[in-house]
Amino acid sequence: MKIEDQLKTNNLPPARKLSLSILVTANLIDEQVAAALKPFDISIQQFNVLRILRGQKGKPANLSTIQERMVSKMSNTTRLVDKLITKGLTERIICEANRRKVEISITDKGLDLLEEIDPQVDAVEKELIQDISEEEIEIVTNCLNKIRN
């Protein structure tokens, strides 16, 4: 569906048309991924934190590293991590040499959950782009990279 049809407007300036298209598409993706995660009682942001910690390959990460790597930057990373700790998906590791230094690590339960969730999210993402060629994906990705740079 064209953005003009969805917003019931015509003659959008090109920059606004692109911005709105990106925002509407991002919201659609968020909604679909959130729906896939709902049965697992986990939010998109919690899923993102778990993937970041899995990417550490067994090494713990501090809160600023996690926040730096998050797709959606938010100020309440501590609250997200606390919820994951409560669920037993992550754990807090306190440095013996410096008790003020706290790092976060994913647990085996967290890794197992990701193994279960990954195919569900992969299926959603694959369905969303089923009508787009690999060449088109590359073009759109390159264009989005230009916007971010």
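Numbers given for residues are sequential positions, taken from 1 along each chain in its written order. With the structure being a predicted model, the display of local features is reserved for residues of pLDDT at least 70 and the display and counting of side-chain atom pairs for 80 or more, all residues being used for whole-chain, interface and lining totals. Computation of side-chain values: all heavy atoms of the structure, hydrogens and water removed.

Asks: Looking at this model, I keep getting lost on the overall build of the chain. Mind explaining?
Replies: Only runs of H or I of at least four residues qualify as helices and only runs of E of at least two qualify as strands under DSSP, and these elements are numbered from the N terminus. Per the secondary structure count, the chain includes seven helices and two strands. If you list the helices and strands of the chain from N to C, you get α-α-α-α-α-β-β-α-α. In terms of overall dimensions, the chain is more spread out than a globule: its C-alpha atoms have a radius of gyration of 19 Å, far above the 15 Å expected for 149 residues. When its C-alpha atoms are laid out on the principal axes, the chain stretches across 60 × 30 × 30 Å. Relative accessibility decides the category of a residue: with a 1.4 Å probe and only protein chains considered, values under 20% of the type maximum give buried, values over 50% give exposed, and everything between is partly exposed. The proportion of buried residues among the 149 residues of the chain is 25%. Contact between two residues is taken to exist if any of their heavy atoms lie within 4.5 Å; hydrogens are not considered. In the chain, once contacts between residues fewer than 6 apart in sequence are set aside, the share between residues at least 24 apart is 47%. For the chain, the accessible area works out to roughly 10600 Å², and carbon and sulfur atoms hold 51% of it. Throughout, radius of gyration means the C-alpha value; the globule benchmark is 2.2 Å times the number of residues raised to the power 0.38. All accessibility values rest on the Shrake-Rupley procedure with a 1.4 Å probe; residue burial counts only the protein chains present in the view.

Asks: Would you mind showing me how to read helix α5 (residues 77-86) here?
Replies: Residue pairs spaced three or four apart in an α-helix point in one direction, given the helix's 3.6 residues per turn. Looking only at α5, the buried set comprises Thr77, Leu80, Val81 and Leu84. All buried residues of α5 project into a common sector of 95° when viewed along the axis, lining one side. Contacts made by the buried residues of α5 are with α3 (44-55), α4 (63-69), β1 (90-94) and β2 (102-106). The first or second residue beyond α5 is Gly88, which carries a positive phi of 80°. It is the directions from the helix axis to the C-beta atoms that the arc portrays.

Asks: What should I look at first to understand unusual backbone geometry in this one?
Replies: Backbone geometry follows two general trends: most residues other than glycine have a negative phi, and most peptide bonds adopt the trans configuration. For Asp41, which is not a glycine, the phi torsion comes out positive at approximately 55°. Assignment of secondary structure puts Asp41 in the loop between α2 (14-37) and α3. Of note in the backbone geometry, Lys57 takes a positive phi value of approximately 55° without being a glycine. Inspection of the secondary structure puts Lys57 in the loop between α3 and α4. A relative accessible area of 73% means that Lys57 is categorised as exposed.

Asks: Got a minute to help me understand the confidence of the model for the chain in this structure?
Replies: Predicted coordinates in areas of low pLDDT are best not read in detail. Residue-level pLDDT values for the chain average 90, and 95% of them are 70 or greater. Confidence of the predictor at the level of single residues is given by pLDDT, which spans 0 to 100. Mean pLDDT across the secondary structure elements of the chain bottoms out at helix α1 (residues 3-7), with 65, and peaks at helix α6 (residues 108-128), with 97.

Asks: I'm lost on a negative patch on the surface in this one. Help?
Replies: To count toward a patch, a residue needs a relative accessible area over 30% and no salt bridge; like charges are then connected within 9 Å, while nonpolar side chains (Val, Leu, Ile, Met, Phe, Trp, Tyr) are connected within 5 Å. Salt bridges are identified by distance alone: a Lys or Arg side-chain nitrogen within 4 Å of an Asp or Glu carboxyl oxygen. A positive count includes Lys and Arg, and a negative count includes Asp and Glu. His and the chain ends are not counted in either. In plain terms, the charge of a residue is placed at NZ if it is Lys, CZ if Arg, CG if Asp and CD if Glu. On the surface, a cluster of negative charge is made up of Glu91, Asp108, Asp112, Glu115 and Glu116. Per element, the largest residue contribution to the negative patch is four residues, and it comes from α6. For Glu115, a relative accessible area of 63% corresponds to the exposed category.

Asks: Can you help me understand the pattern of salt bridges in this one?
Replies: Opposite charge on two side chains permits them to pair, given that their charged atoms come into close proximity. Tallied over the full model, the rule gives three salt bridges. For Arg92, the salt bridge goes to Asp82, with nearest N and O atoms at 2.3 Å. Here Arg92, found in strand β1, pairs with Asp82, found in helix α5; they are 10 residues apart in sequence, far enough to count as distant. Exposure remark for Asp82: the relative accessible area of 32% places this residue in the partly exposed category.

Asks: For this particular structure, what's the right way to read the environment of Val124?
Replies: The topology assignment puts Val124 in helix α6. Judged by its relative accessible area of 14%, Val124 is buried. Sequence separation between Val124 and Thr65 is 59 residues; the distance between their C-alpha atoms is 28 Å. Contacts of Val124, omitting those with residues within four sequence positions, involve Gln32, Val33 and Ala36.

Asks: Even after reading the chapter, I still don't get the side chain of Asn48, so can you show me in this structure?
Replies: With respect to the helices, strands and loops of the structure, Asn48 is situated in helix α3. Using a relative accessible area of 6% as the deciding quantity, one classes Asn48 as buried. Each polar contact in these results corresponds to two N or O atoms within 3.5 Å; when the atoms are within protein, one needs to be able to donate a hydrogen and the other to accept it, and residues that are neighboring in sequence are counted only if both atoms are side-chain atoms. Looking at Asn48, its side chain comes within polar contact range of the main-chain nitrogen of Val71, at 2.8 Å.

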